[in-house]
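Listed below, chain by chain, are the residues.
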Amino acid sequence: MTKISSAGAIVCMLDASDPLNQSKAAAGMLYEIFASSAMRRLKIPTLIACNKSDSAKAMKANQLRGMIEKEVDRIQHARSTMADLSDKTQGTMISAEGVAFTFKEAPCDVMMADCCAK
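Reading the values: the criteria
Residues numbered from 1 in each chain as written. Predicted model: local features only at pLDDT ≥ 70, side-chain atom pairs only at ≥ 80, totals over all residues. Heavy atoms only, no water. Helix = DSSP H or I, 4+ residues; strand = E, 2+ residues; numbered from the N terminus. Buried < 20%, exposed > 50% of the residue type's maximum accessible area, 1.4 Å probe, protein only. Areas by Shrake-Rupley, 256 points an atom, 1.4 Å probe, with all protein chains shown as cover. Pairing = 2+ DSSP bridges. Axes fitted to C-alpha atoms, helices over the stretch in contact; angles between N-to-C directions. Salt bridge = Lys/Arg side-chain N within 4 Å of Asp/Glu carboxyl O. Phe/Tyr/Trp six-rings, centres within 6.5 Å; stacked < 30°, edge-to-face > 60°. Core = buried A, V, L, I, M, F, W, Y, C linked by side-chain atoms within 4.5 Å.

Caption draft 1: Main features of the overall build of the chain. When helices and strands are tallied, the chain shows three helices and three strands. Mapped from its N terminus to its C terminus, the chain presents α and β elements in the order β-α-α-β-α-β. Sorting the 118 residues of the chain into buried and exposed places 42% on the buried side. Entry remark: accessible area of the chain is about 6800 Å², with carbon and sulfur atoms responsible for 54%.

Caption draft 2: Representation of the sheet that holds strand β3 (residues 110-114) within the structure. Pairing is parallel in the open sheet, where three strands are placed in the order β1-β2-β3. Of all the strands in the sheet, just β1 (10-15) and β3 have a single pairing partner and so form its edges. For this sheet the average axis-to-axis angle between neighbouring strands, irrespective of direction, equals 20°. As paired elements, β1 and strand β2 (residues 46-51) share six bridges and run parallel to each other. Paired with M13 across the bridge in β2 is A49.

Caption draft 3: Structural context of the environment of S36. Structurally, S36 can be placed in the loop between α1 (19-35) and α2 (37-42). It is 9.0 Å that separates the C-alpha atoms of S36 and I4, two residues lying 32 residues apart in sequence.

Caption draft 4: Seen up close, the pattern of salt bridges. Throughout the structure, instances matching the rule amount to four salt bridges. With a shortest N-O distance of 2.1 Å, E32 and R79 are connected by a salt bridge. Of this pair, E32 sits in helix α1 while R79 sits in helix α3 (residues 61-85), and the two are 47 residues apart along the sequence. Using a relative accessible area of 35% as the deciding quantity, one classes E32 as partly exposed. Residue R74 is joined to E71 by a salt bridge in which the shortest nitrogen-to-oxygen separation is 2.6 Å.

Caption draft 5: Spotlight on the packing of aromatic side chains. Within the structure shown, the criterion is met by three aromatic pairs. Judged by centre distance (6.5 Å) and plane angle (80°), the rings of F34 and F103 are edge-to-face. Remark: F103 occurs in the loop between α3 and β3 and F34 occurs in helix α1; sequence separation between them is 69 residues. Residues F101 and F103 carry aromatic rings whose centres are separated by 5.7 Å and whose planes lie at 85° to one another, so their mutual orientation is edge-to-face. One exposure class covers both F101 and F103, and it is buried. By the ring-pair criterion, three or more aromatic residues cluster together here, those being F34, F101 and F103.

Caption draft 6: Here's a closer look at the nonpolar core. Membership of the largest hydrophobic core comes to 30 residues, with the highest contact counts inside it found for F34, M39, I48, C50, I68, F103 and M112. Where this core is concerned, the elements lending two or more residues are β1, α1, α2, β2, α3 and β3. By residue number, the principal contributor to this core is α1, which donates seven residues.

And the structure:
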């Protein structure tokens, strides 16, 4: 996260042919990025590139969007609950309390694209 303040854009590339594992990993990383003070201040545009879109097993970006959004929402609520239980400051909420996370709630513009890097 130390380099985020000098970034012009962020690209998160995931393997669309392994949607379950990749969406969970991407959501964890995106939560950390979106919750960072630098991202909240600088609003760096973010691209989620769904690689291997030519594979028969691949999910399309629009399908992965929902999976990643649900996982980011689950993470933010879990971290908030853990912070509450430990009697420390609440975990960083990306979306408003009681509102399910979607990329519209992210502190920056988020785009998703199918791709095939060969």
